[in-house]
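Observations on the three-dimensional arrangement
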Amino acid sequence: MLNIVIFGAPGSGKGTQSERIAARYGLLHISTGEVLREHIARRTKLGIIADSYISKGQLIPDDLMIKVLASVLDNEPAAAQSGVIFDGFPRTIPQAKALKIMMEEHNSKVHAVIGLEVDENCLMQRMLLRGQQEGRADDNEETIKQRLAVYHQQTSPLREYYIAEGKYCGIDANGSIDDIFARIARAIDALPNL
Ligand code: AP5
Ligand code: MG
């Protein structure tokens, strides 16, 4: 049983590496960004609210986001058996505290936080390229700048939070996808008491 949070700036490779981690360690991959984009595509009530924040590069408010995550976990009974890779959650200190309580309620915990540490100057280009290739609506220059600013203001303090909890594993996330994954797998394989 292994629960991992993957953490990093927009475009740092959270989704790309989460897929590989999920496959290697048999984990359920929960991407809150993907959950919200599915709701937007289906024009649900949550999707309409989420769109109003995502299109501006802002975070969905904590109370709503915490309910969304709780509901995803409740609807994924496999999560308790397999373990989870959390991609895009938590993004604020209140979300981290809520995740801790949710895991305790399931008699579980976050074992490690994989922090993708990447040179920021490549992020804009990566996301603009994806915007051209895949048409993700928030991959435009103005919204990306806002997402990066929000990351620095609201999300990056989580690094210190998880260092204090003794859970943060910083990973050099520059270079090829394969090399980065090899570094992540080495860090996971070295976790004590799994
Ligand atoms: P979310 O979907 O989580 O987006 P994000 O954090 O901005 O990150 P991305 O998905 O853009 O990047 P990534 O780190 O996953 O990198 P990827 O692997 O795709 O959230 C979107 C929005 O939803 C938020 O802005 C917010 O509004 C809302 N939201 C979501 N969760 C929330 C929460 N908990 N609370 C409140 N609001 C929330 O890689 C990026 C690109 O680079 C890809 O094209 C990839 O192919 C490429 N790439 C990856 N690795 C490499 C490499 N090593 N070399 C070259 N290219 C690479
Ligand atoms: Mg992603």
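Our subject is the structure that appears above.
Values in this document were obtained by computation on a predicted structure and should not be read as measured data.

1. Structural notes on the overall build of the chain
Scanning the chain from N- to C-terminus turns up 10 helices and five strands. Radius of gyration (C-alpha) of the chain: 16 Å, near the 16 Å computed for a compact globule of 194 residues. Its C-alpha atoms put the chain at 45 × 40 × 30 Å along the principal axes. Evaluated residue by residue, the chain yields a buried proportion of 47% over its 194 residues. Partitioning the contacts of the chain with sequence separation of at least 6, the portion at a separation of at least 24 is 73%.

2. Brief notes about the nonpolar core
By size, the foremost hydrophobic cluster in this structure holds 59 residues, and its most contacted members are L99 and I114. Ranked by the residues each element gives to this core, the list is headed by helix 10 (residues 177-189), at six residues. When residues no more than four places from it in sequence are discounted, the contact partners of I114 are I4, V5, I6, F7, C169, I171, I184 and I188.

3. A few points about the site of ligand 1
Near ligand 1 there are 30 residues, and of these T16, Q58, R91, R130 and R147 occur at the shortest range. Interatomic distance of 3.1 Å between a backbone N/O atom of I60 and a nitrogen atom of ligand 1. A distance of 3.0 Å is found between a nitrogen atom of ligand 1 and a backbone nitrogen or oxygen belonging to G175. For ligand 1, the protein covers 87% of the area, taking 1,000 Å² as the surface of the free molecule. Elements represented by at least two residues in the shell around ligand 1 include exactly helix 1 (14-25), helix 2 (32-42), helix 7 (123-134) and helix 10. Among the elements that line the shell around ligand 1, the one with the most residues is helix 2, at four residues.

4. Considerations on unusual backbone geometry
Phi is mostly negative for residues that are not glycine, and the peptide bonds are mostly trans. Looking along the chain, the bond that leaves F89 and enters P90 is cis, with omega of 0 degrees. Note that P90 resides in the loop between strand 3 (84-87) and helix 6 (93-105). For R43, which is not a glycine, the phi torsion comes out positive at approximately 55 degrees. When you line up the elements, R43 lands in the loop between helix 2 and helix 3 (45-54). A positive phi angle is found at N107, which is not glycine, with a value near 55 degrees. Structurally, N107 can be placed in the loop between helix 6 and strand 4 (112-117).

5. Thoughts on the side chain of S18
Take S18: it is sitting in helix 1. Using a relative accessible area of 0% as the deciding quantity, one classes S18 as buried. Once residues lying within four places of it in the same chain are set aside, the contact partners of S18 are I6, H29, I85 and D87.

6. A few points about the pattern of salt bridges
Here the structure, examined in full by the defined rule, presents 10 salt bridges. The partner of R130 in a salt bridge is D139, with the nearest N and O atoms 2.7 Å apart. What makes R130 partly exposed here is its relative accessible area of 23%. Under the relative-accessibility criterion, D139 is labelled buried at 6%. A salt bridge links D138 to R136; the shortest N-O distance between them is 2.7 Å.

7. Topic: the sheet that holds strand 4
Judged by pairing direction, the sheet is parallel, and its five strands sit side by side in the order 2-3-1-4-5 without closing on themselves. Either end of the sheet is taken by a strand with one partner, and the two such strands are strand 2 (28-31) and strand 5 (168-172). Put simply, the sheet's adjacent strands are angled 20 degrees from each other on average, direction ignored. Bridge analysis of strand 1 (residues 4-8) against strand 3 gives three bridges, and the strand direction is parallel. Its bridge partner lying in strand 3, I4 is registered against I85.

Rules of the game
Residues numbered from 1 in each chain as written. Chains lettered and ligands numbered in written order. Predicted model: local features only at pLDDT ≥ 70, side-chain atom pairs only at ≥ 80, totals over all residues. Heavy atoms only, no water. Helix = DSSP H or I, 4+ residues; strand = E, 2+ residues; numbered from the N terminus. Rg over C-alpha atoms; globule rule 2.2 N^0.38 Å. Buried < 20%, exposed > 50% of the residue type's maximum accessible area, 1.4 Å probe, protein only. Contact = heavy atoms within 4.5 Å. Core = buried A, V, L, I, M, F, W, Y, C linked by side-chain atoms within 4.5 Å. Near = heavy atom within 4 Å. Polar contact = N/O pair within 3.5 Å; in protein donor to acceptor, adjacent residues only side chain to side chain. Areas by Shrake-Rupley, 256 points an atom, 1.4 Å probe, with all protein chains shown as cover. Salt bridge = Lys/Arg side-chain N within 4 Å of Asp/Glu carboxyl O. Pairing = 2+ DSSP bridges. Axes fitted to C-alpha atoms, helices over the stretch in contact; angles between N-to-C directions.

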